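# Remarks on the overall topology
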Amino acid sequence: MKKVIHVPAVEQEWLYVPDVVYQTIDGIDRKLQLIIPYRRQWPDGLRLPVVINIPGSAWYRQEMYNGILNHSRLAQRGYVMVDVQYRESTLAKFPAQIEDIQAALAFLPTIAEQFHMDLNNVFIMGDSSGAHLALMTALTTGYPFQGVVSFFAPSDLTKLQPDGPAGNLLSSWEQAEEASCQRFITAEHPVPPVLLLHGTEDELVNVEQSRNLYKLLQNAGKEVTYIELEGENHGGGTWWNDPVTTMVDEFLRAYCG
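Attention here is on the structure that accompanies the text. (Residues numbered from 1 in each chain as written. Predicted model: local features only at pLDDT ≥ 70, side-chain atom pairs only at ≥ 80, totals over all residues. Heavy atoms only, no water.)

## Considerations on the packing of aromatic side chains
- As enumerated under the stated definition, the model contains seven aromatic pairs in all.
- Ring pairs connect the aromatic residues Phe 151, Phe 152, Trp 239 and Trp 240, which therefore count as one cluster. (Phe/Tyr/Trp six-rings, centres within 6.5 Å; stacked < 30°, edge-to-face > 60°.)

## What about the nonpolar core?
- Formed by 57 residues in total, the largest nonpolar core has its most connected members in Ile 52 and Val 82.
- Residue contributions to this core peak at seven residues, all from helix H3 (residues 129–140).
- For Ile 52, the residues in contact, after removing those within four places along its chain, are Val 82, Val 84, Leu 105, Leu 108, Val 122, Phe 123, Ile 124 and Met 125.
- Counting residues in each nonpolar core, the second largest holds 22 residues, with Ile 68, Met 125, Phe 151 and Leu 197 among its members. (Core = buried A, V, L, I, M, F, W, Y, C linked by side-chain atoms within 4.5 Å. Buried < 20%, exposed > 50% of the residue type's maximum accessible area, 1.4 Å probe, protein only. Helix = DSSP H or I, 4+ residues; strand = E, 2+ residues; numbered from the N terminus. Contact = heavy atoms within 4.5 Å.)

## As for unusual backbone geometry
- The peptide bond linking Phe 94 to Pro 95 adopts the cis configuration, its omega dihedral lying at 15°.
- With respect to the secondary-structure elements, Pro 95 resides in the loop between strand S4 (80–84) and helix H2 (96–107).
- The backbone of His 116 sits at a positive phi, close to 55°, despite the residue not being glycine.
- Mapped onto the elements of the fold, His 116 is located in the loop between H2 and strand S5 (117–127).
- Relative accessible area serves as the criterion here: at 16%, His 116 is assigned to the buried category.
- With a phi close to 40°, Phe 152 is a non-glycine residue in the positive phi region.
- Note that Phe 152 resides in the loop between strand S6 (147–151) and helix H4 (165–169).

Pasting the structure below:
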């Protein structure tokens, strides 16, 4: 049986560019994973906002491929997604991870034209330990991010255990306050708009971490939105379902220049 059907034409496609080396340090390549909304014919001058994503991994070696399908949900909404691999704590202590993210940011102009990136609209995002690094990058480097998205961040390392992953990240536990966000949140210190998300039943990073960070940002007069997911634990598919992705998308669009 033969059928002829008509379906709506779709101009937008998807381009996954794996393992783009942004630096080689101590003989080891550090790489980006790019997910790009793609068109066969690009309108003149079209540039897309960029979301730098820092994967969570308890600051150990990151699995750079597991999140590709999740992150493509934001790419489908018109963002260039850039997942950044950084040195794990077993190779280099804090702040080496922030230095790697800065190196990735410095690399972006070399590929921005090729992949239609709008470097005037760059956001940074992360989950868990990656959210800690995203927040710390925004708070300490002076890079002009349009906003920060934090999924269940351990923002205050002093509240964690010295014999756990946070302790392995640091050269000594005395560094915990230096590597925590609250030190940098004052009325005078510049902070881009922040979206915090956390589950009320998080068993790995207590929800009080984001509650306290929200209060600090509010009291300092910063632009911050806080969303709690009732009954939700640490990570999992719920964090990338349509309602949550829509909330993230709305935040990004609100602060695109």
